[in-house]
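So you can see what is in the structure, the chains are spelled out below.
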There are 2 protein chains.
Amino acid sequence: MSSLIHPVILCGGGGTRLWPRSRQQAPKPFLRLLGERTLFQQTLDRVSDRSVFAAPIVVAGVAHIPLIVEQAAGQDIAIIAEPMGKNTAPAIALAAHRMPAGEVMLVCPSDHYIGDTAAFVGAAQSARQLALDGRLVSFGITPNAPETGYGYIKRGVSLPEGYEIERFVEKPDLETAQQFLAEGGYSWNGGIFAFASDRYLSELAQHRPDMAAKVQAAVSDGASDGITFTPEEASFATIDGDSIDYAVMEATTSAAVVPVSMGWSDIGNWQALRDAREGQSSGPHELVDCVDVMVLSDGPRVSAVGLEDVIIVVDGDEVLVTSGAGAQKVGKLTGASGR
Amino acid sequence: MSSLIHPVILCGGGGTRLWPRSRQQAPKPFLRLLGERTLFQQTLDRVSDRSVFAAPIVVAGVAHIPLIVEQAAGQDIAIIAEPMGKNTAPAIALAAHRMPAGEVMLVCPSDHYIGDTAAFVGAAQSARQLALDGRLVSFGITPNAPETGYGYIKRGVSLPEGYEIERFVEKPDLETAQQFLAEGGYSWNGGIFAFASDRYLSELAQHRPDMAAKVQAAVSDGASDGITFTPEEASFATIDGDSIDYAVMEATTSAAVVPVSMGWSDIGNWQALRDAREGQSSGPHELVDCVDVMVLSDGPRVSAVGLEDVIIVVDGDEVLVTSGAGAQKVGKLTGASGR
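Bear in mind that the values here come from a model prediction, so they are computed numbers and not experimental data.

A.B. asks: Mind laying out the packing of helix H6 (residues 197-207) of chain B against helix H7 (residues 209-220) of chain B, listing which residues take part and the relevant values?
C.D. replies: All names here are of chain B. The geometry of H6 relative to H7 is characterised by a closest axis approach of 5 Å and an angle of 130° between their N-to-C directions. Considering the angle they form, H6 stands oblique to H7. Contacts from Leu204, Ala205, Gln206 and His207 of H6 reach H7 at Pro209, Met211 and Ala212.

Below, the structure is given as structure tokens:
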């Protein structure tokens, strides 16, 4: 057992709410949405201290392997190529099978933004301690607004380096979210997890035995070319997919939370990206009498006059113009659904 | 002297406030802004009844003659090609010289919209009667809002078929405009005029002798190819240009007004066009949770979410997004100034 933390970077998910920038061919993790590095590259950068983290395992759909190889150029990574998406619980199980028992995994989405890397690494080290004590750990993001788009985690009994989890709360309504913030002791569930690989697999076997068995079979019959491991497709295809939250975290009696404030955003829509970018436009543009207007153009000049709270995105042959609140509905547009 | 009215269609003016659709190469009169016919073509159509109107004379800059020939295809028109723009007073004088004394001219801008052609023709016939009595006639558009972007005309003594003009009023402030509407007896100055050709020339000679002499010289030394007449450039170039309003209408003691309500709009900016189009979008678009949003796209799909009172125009490599009120400032954008 090494003392290093093994990052497992999940590259699934489409991100249609960032359409038209995010498309099937170029999903959200692989876009330069903030700065010169893509969100996936920033995720790699965040775990690049080899005195703390082992070389990461990247789990992604086969279609995106070329993007991953290109964007991770020169870095030491292992890749697991999913024949199809089955949500997070099986993806993490694949990674758990590909490392020795007892090693601590740190599961990271590849499409989030984290401003404070030091805080992230500190939380990872706390989570590692809890994982070594047999805990299944969720990062609990300190909320700064009564968001209704996230799940919440209620802290329970204090532990060294964190807390037990009293309960998970589904996305609340606004009133409930406001109550949570006033009351304290609640965090957002940011989708970042840590646990020992064998603990995860045994919990999965306990709560989702069918899923666990099928992942095991797909791994046994899988193939590796030295860098990329591909599970056997037929077994994997029959899995009834589910999230780690439902399949394991809400089922286990060993859940723990490490609260952390690290400038986190899931960049779940254009309004969230505007916040994370602090409203900074890019591409040719001119704004006159505009307040809270962000322009992102990949070519054409965008001229805006007399607007308030508007986001304008030009990408190829698609133009999106949305209010901040409207950003929630972008994923439902005809264009975002690929038509 | 014929009993027909001679339309004189003025095609000057750039219309930068309809940028990016209106550009130097394709100015406002020559665009399909409303319906299948361009504003210039609609102007021709409006005077196409040859029992009322003679074949029109079109006055335009040399650069736009090919557009005019193309758009007037198959119609009987005469063309006067101005070597450079000198505002409306000299342009109208050129046309006056090209027809016999005593003929009634009807001066029409080529970039306005008129919904009710019958009302227009009726007003033209009233104006003709007044012109035959030696009057210089302005169409007075019945105002339907306290617009601050137009000049106003105050009616004076009643005449058969119209009124004397008591006074011209420069673009008023809002309070004054509201007062005008409450008081009654005011019309907008729509830039449509009628008079006998020799009356116009004699008034111009009286009030702007230098301009009149230079136009006369440019006409004397001009050249015609049978369809297009080109005044001599050197004389025309030295003219100190001015509008018919300042040079003649506000100076003469014979001004008259024919009030008319004919669904008129000068389509002076995108908001005015949205009104004239009754908000109808064109080009590929999808609107979700939008109120008073108009999209005009020449190709790319425009998707809009959660907007109110916004106009979106996509034209080639330019994207304009403006509020209704912001439309007033479009002409001042970097792009509109040709940079």
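A.B. asks: Tell me what's going on with the pairing of strand E17 (residues 308-315) of chain A, and back it up with residues and numbers.
C.D. replies: Two faces belong to every sheet, and in a regular strand the side chains alternate between them. Residues and elements named next belong to chain A. Among the eight residues in E17, six count as buried, and that is most of the element. In the sheet, E17 pairs with strand E18 (residues 318-323) via six bridges, with the strands oriented antiparallel. What sits directly across from Val310, in E18, is Ser323. Between E17 and E18, which follow one another and run antiparallel, lie two residues, and Gly316 among them has a positive phi close to 60°.

A.B. asks: Can you tell me about the relation of the copies chain B and chain A, naming the residues and giving the values?
C.D. replies: If you rotate chain B by 179° and push it 0.1 Å along the axis, it lands on chain A with an RMSD of 0.1 Å. Here the two chains are linked by the operation of a two-fold rotation axis. Interface overlap between copies is the fraction of interface residues in one copy that are interface residues in the other; for chain B against chain A it reaches 100%, indicating a shared surface.

A.B. asks: Talk me through the nonpolar core; I want residue IDs and the actual numbers.
C.D. replies: Counting 46 residues, the largest nonpolar core has Phe40, Phe53, Ile68, Leu106, Phe120, Phe139 and Met262 of chain B as its most contacted members. If you tally residues by element for this core, the top one is helix H4 (residues 117-132) of chain B, at seven residues. Among all residues touching Phe40 of chain B, those that are not within four sequence positions of it are Ile9, Cys11, Pro29, Phe30, Val58, Ile68, Gln71, Ala72 and Ser110 of chain B. Membership of the second largest hydrophobic core comes to 44 residues, among which are Val52, Ile79, Phe120 and Val169 of chain A.

A.B. asks: How would you summarise the pattern of salt bridges if you had to cite specific residues and measurements?
C.D. replies: Counted according to the given criterion, the structure contains 24 salt bridges over all chains. Note that Lys154 of chain A and Glu166 of chain A form a salt bridge whose closest N and O atoms lie 3.9 Å from each other. Taken together, the residues Lys154 of chain A in strand E7 (residues 152-159) and Glu166 of chain A in strand E8 (residues 162-169) connect sequence positions twelve residues apart. According to the relative accessible area criterion, Lys154 of chain A is buried, its value standing at 15%. With a relative accessible area of 48%, Glu166 of chain A lands in the partly exposed category. Measuring nitrogen to oxygen at the nearest pair gives 2.5 Å for the salt bridge that ties Asp289 of chain A to Lys329 of chain B. With Asp289 of chain A in the loop between strand E14 (285-288) and strand E15 (291-297) and Lys329 of chain B in the segment after strand E18 (318-323), this residue pair bridges two chains. Classification of Asp289 of chain A as partly exposed rests on a relative accessible area of 46%. According to the relative accessible area criterion, Lys329 of chain B is partly exposed, its value standing at 37%. If you follow the salt bridges from partner to partner, you end up with Arg21, Arg23 and Asp315 of chain A in one network.

The rules behind these values
Residues numbered from 1 in each chain as written. Chains lettered and ligands numbered in written order. Predicted model: local features only at pLDDT ≥ 70, side-chain atom pairs only at ≥ 80, totals over all residues. Heavy atoms only, no water. Axes fitted to C-alpha atoms, helices over the stretch in contact; angles between N-to-C directions. Helix = DSSP H or I, 4+ residues; strand = E, 2+ residues; numbered from the N terminus. Parallel < 35°, antiparallel > 145°, perpendicular 65-115°, else oblique. Contact = heavy atoms within 4.5 Å. Buried < 20%, exposed > 50% of the residue type's maximum accessible area, 1.4 Å probe, protein only. Pairing = 2+ DSSP bridges. Least-squares fit on C-alpha atoms with pLDDT ≥ 70 in both. Core = buried A, V, L, I, M, F, W, Y, C linked by side-chain atoms within 4.5 Å. Salt bridge = Lys/Arg side-chain N within 4 Å of Asp/Glu carboxyl O.

From the geometry alone we can't say anything about function, so treat these as descriptive.
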